[in-house]
Amino acid sequence: MNIVVLNGSPSGKDSITLFTVLYLQKHFPDHHYEILHVGQQIRKMEKDHAIWRKTLETADLILFCYPVYTFLAPAQLHRFIEMIKENGVDLSGKYATQVTTSKHFYDVTAHQFIQDNCNDLGMHFIRGLSADMDDLLHEKGQHEALAFFHYVLWSMENHLYEPVPAVMDHPSLVAAHPEAEVLHVPGPKRVVIVADFSSSADGKLQAMCRRLQKRLPSETEIIDIQQFPFAGGCLGCFHCAADGKCIYQDGFEEYLREHIQTADGLVYAYTVRDHSMGSRFKLFDDRQFCNGHRTVTMGKPVGYLVDGRLDAEPNLRMLLEARAQVGGNTMTGIACNQKDPDREIDQLAETLCYAVTERYQQPKNFYGIGGLKIFRDLIWQMQGLMREDHRFYKQHHFYDFPQKKRGTMLAMYLVGGIMNHPAIRRKIGGKMTEGMIAPYKKILEKQ
């Protein structure tokens, strides 16, 4: 397979982001890799299109590789994308993904920018890897990078990719066909579809649920939360804070923990109503606060079946991903009935099976990293009240306070002092970059 890497970093070969790609190249040597340093050589490429056009046209996979700069990709990579479009380069049907490094500050907007442009070009986009700048230096980050690329290759082999949102001027919704061939692959032992059919009078959501149920090679139960006898919505009384017990005695807490959250995979299904999931599903969500701020389904894959105009609800779509990220769940897909529900449901089923059997966990992005840090600080301050949360956070090592890493802080003071001295700064010159990438070179040499 021909893999073309678009290195958008102005640092070229000295890019820290690029080292993640080089790490992947070393562990997946059966493919041909060609790296275009578009971030460093953009002026040269503006003058000579031949040096990059043919390379792109012969690619099977195009991998965007760049550091996140102020919410988006570097300007040089922006310009290169403009050049692709200006010159009418046909990349339709080619696969694309991305690898970035950042401190997870709005990596989500950078990733969406690349995905949107790939959709413009008719490419098959696969969700990318957002890594912290230091991730490759640690075993966890190395594992996440390898698991990510395994997922990319599996997606290509099975012709799976992110669905393209429907165009806004096509308002009709398409009914799913419940008939579906069962997947003959390893899959979860048990999947629960939690659905709210109260706003689905035409039966479209029910048909989507039945198709997914028939597609999965496992026990799959559809739970209609409209039928559950809720005694009321969450009161915010914090009765559950000390021991995790809800003040209501309607049986929901036990049913949630013993029946729903014990599943290998979870799928939530609802109809878009008033720019959200509707009040009944929100009641179900709110009552899960009996778990406090504990991500009790952490590591389990989740998916969504959505009936309605999700393309017109960017805030709701953001909420779905953020919910999965903060909960530590792998988002296996959102199947909607705007364009091709059968294909999207079938892809959700395949990805759900893959995530369970391979134990694939997507690395967190800004939603997950930022959300967890906010809760980390909240629970630390309120540990006397939220005792169950505090025990959970300690058990899972969520208290990773940066102010406790005194060695790193002292090292930064030393580097800062050196860089503030004009004579030393002139003597160091470009060797600062060499020092920054030295640890990454050692990682490649060790493997």
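Here the structure is a predicted model, which means the values were calculated and not measured.

Caption draft 1: Inspection of the layout of surface pockets at higher detail. By volume, the largest pocket amounts to about 1900 Å³. Around the largest pocket, the lining comprises 48 residues; the ones closest to its centre are His104, Asp132, Asp135, Lys140 and Ile369. Secondary-structure elements contributing two or more residues to the lining of the largest pocket are strand E6 (129-132), helix H6 (139-157), helix H12 (366-381), helix H14 (406-419) and helix H16 (431-446). No other element matches the 6 residues that H6 contributes to the lining of the largest pocket.

Caption draft 2: Seen up close, the nonpolar core. Residues Phe148 and Phe149 are the most contacted members of the largest nonpolar core, which totals 36 residues. Secondary structure elements with two or more residues in this core: strand E1 (2-7), helix H1 (16-27), strand E3 (61-67), strand E4 (95-102), H6 and H16. Looking at this core element by element, the count peaks at 10 residues for H6. Sequence-distant contacts of Phe149, that is, excluding residues within four places in its chain, are made with Ile3, Leu24, Phe28, Tyr33, Leu61 and Leu63. Core analysis: the next-biggest nonpolar cluster, separate from the first, contains 31 residues, Cys246, Ile260, Ala263 and Tyr268 among them.

Caption draft 3: Region of the structure containing unusual backbone geometry. At His159, a residue that is not glycine, the phi angle is positive and equals roughly 55 degrees. In this structure, Arg359 takes a positive phi of about 55 degrees despite not being glycine. The topology assignment puts Arg359 in the loop between helix H11 (341-357) and H12.

Caption draft 4: Just the sheet that holds strand E8 (residues 219-224), in detail. With parallel pairing, the 5 strands of this open sheet are ordered in space as E8-E7-E9-E10-E11. Edge positions in the sheet fall to E8 and strand E11 (330-336), since each has one partner strand and no second. Strand-to-strand twist in this sheet, taken as the mean axis angle between neighbours without regard to direction, amounts to 15 degrees. In the sheet, strand E7 (residues 190-195) pairs with E8 via 6 bridges, with the strands oriented parallel. Paired with Ala195 across the strands is Asp224, a residue of E8. Packed onto the sheet, helix H10 (residues 314-326) meets strand E9 (265-271), strand E10 (301-307) and E11 and runs at close to 155 degrees relative to E11. Packing of H11 onto the sheet brings it into contact with E7, E9, E10 and E11, and relative to E11 it is tilted by some 165 degrees.

Caption draft 5: Expanded view of the state of the cysteines. Applying the stated rule across the entire model yields 0 disulfides. Of the cysteine sulfurs around Cys118, a residue in no disulfide, the closest is that of Cys65, at 14 Å. Of all cysteine sulfurs in the structure, the one in Cys336 sits closest to Cys209, which takes part in no disulfide; the separation is 13 Å. Overall, Cys209 belongs to the buried group, its relative accessible area being 0%.

Caption draft 6: Fine view of the side chain of Asp107. Structurally, the position occupied by Asp107 is in helix H5 (residues 107-120). The side chain of Asp107 is buried and forms no salt bridge, while Arg127, the nearest opposite charge, is found at 9.4 Å. At a separation of 3.0 Å, a polar atom in the side chain of Asp107 contacts the side chain of His104. At 2.5 Å, the side chain of Asp107 and the side chain of Ser130 are in polar contact. When neighbours within four sequence positions are excluded, Asp107 is seen to be in contact with Val68, Ser102, Ser130, Asn365 and Phe366.

Caption draft 7: Geometry of empty space enclosed by the protein. Counted according to the given criterion, the structure contains 4 cavities of 30 Å³ or more. A volume near 120 Å³ is recorded for the largest cavity. Cys234, Leu235, Cys237, Cys240 and Cys246 are, among the 14 residues lining the largest cavity, the residues nearest its centre. Looking at side-chain class alone, the lining of the largest cavity contains 10 nonpolar, 2 polar and 2 charged residues.

Caption draft 8: Spotlight on a nonpolar patch on the surface. A surface patch of nonpolar side chains, amounting to about 380 Å² of accessible area, comprises Met409, Leu410 and Tyr413. Tracing the backbone shows Met409 in helix H14. With a relative accessible area of 39%, Met409 lands in the partly exposed category.

Caption draft 9: Region of interest: the pattern of salt bridges. If you walk through the whole model with that rule in mind, you get 25 salt bridges. Close ionic contact of Arg309 with Asp311 constitutes a salt bridge, the shortest N to O distance being 2.9 Å.

Caption draft 10: Quick peek at the packing of H10 against H12. Running from N to C, H10 and H12 point in directions that differ by 60 degrees, and their axes come no closer than 8 Å. Between H10 and H12, the crossing angle belongs to the class labelled oblique. As for how H10 packs across H12, the hand of that crossing is right-handed. On the side of H10, the interface is formed by Met318, Glu321, Ala322, Gln325 and Val326, while H12 contributes Tyr367, Gly368, Gly371 and Phe375. Tallied by class, residues from the contact of H10 with H12 come to 5 nonpolar, 3 polar and 1 charged.

How each quantity is defined
Residues numbered from 1 in each chain as written. Predicted model: local features only at pLDDT ≥ 70, side-chain atom pairs only at ≥ 80, totals over all residues. Heavy atoms only, no water. 1 Å grid on protein atoms, 1.4 Å probe; cavity = no way out; pocket = protein on both sides within 12 Å on 5 of 7 lines; lining within 4 Å. Points joined across faces, edges and corners; volume = space filled by probe spheres on them. Helix = DSSP H or I, 4+ residues; strand = E, 2+ residues; numbered from the N terminus. Core = buried A, V, L, I, M, F, W, Y, C linked by side-chain atoms within 4.5 Å. Buried < 20%, exposed > 50% of the residue type's maximum accessible area, 1.4 Å probe, protein only. Contact = heavy atoms within 4.5 Å. Pairing = 2+ DSSP bridges. Axes fitted to C-alpha atoms, helices over the stretch in contact; angles between N-to-C directions. Disulfide = S-S within 2.5 Å. Lys, Arg positive; Asp, Glu negative; His and termini not counted. Salt bridge = Lys/Arg side-chain N within 4 Å of Asp/Glu carboxyl O. Polar contact = N/O pair within 3.5 Å; in protein donor to acceptor, adjacent residues only side chain to side chain. Nonpolar A, V, L, I, M, F, W, Y, C, P; charged D, E, K, R; others polar. Patch = residues over 30% accessible without salt bridge, like charges linked within 9 Å, V, L, I, M, F, W, Y side chains within 5 Å. Areas by Shrake-Rupley, 256 points an atom, 1.4 Å probe, with all protein chains shown as cover. Parallel < 35°, antiparallel > 145°, perpendicular 65-115°, else oblique. Left-handed = near helix turned anticlockwise from the far one by under 90°.

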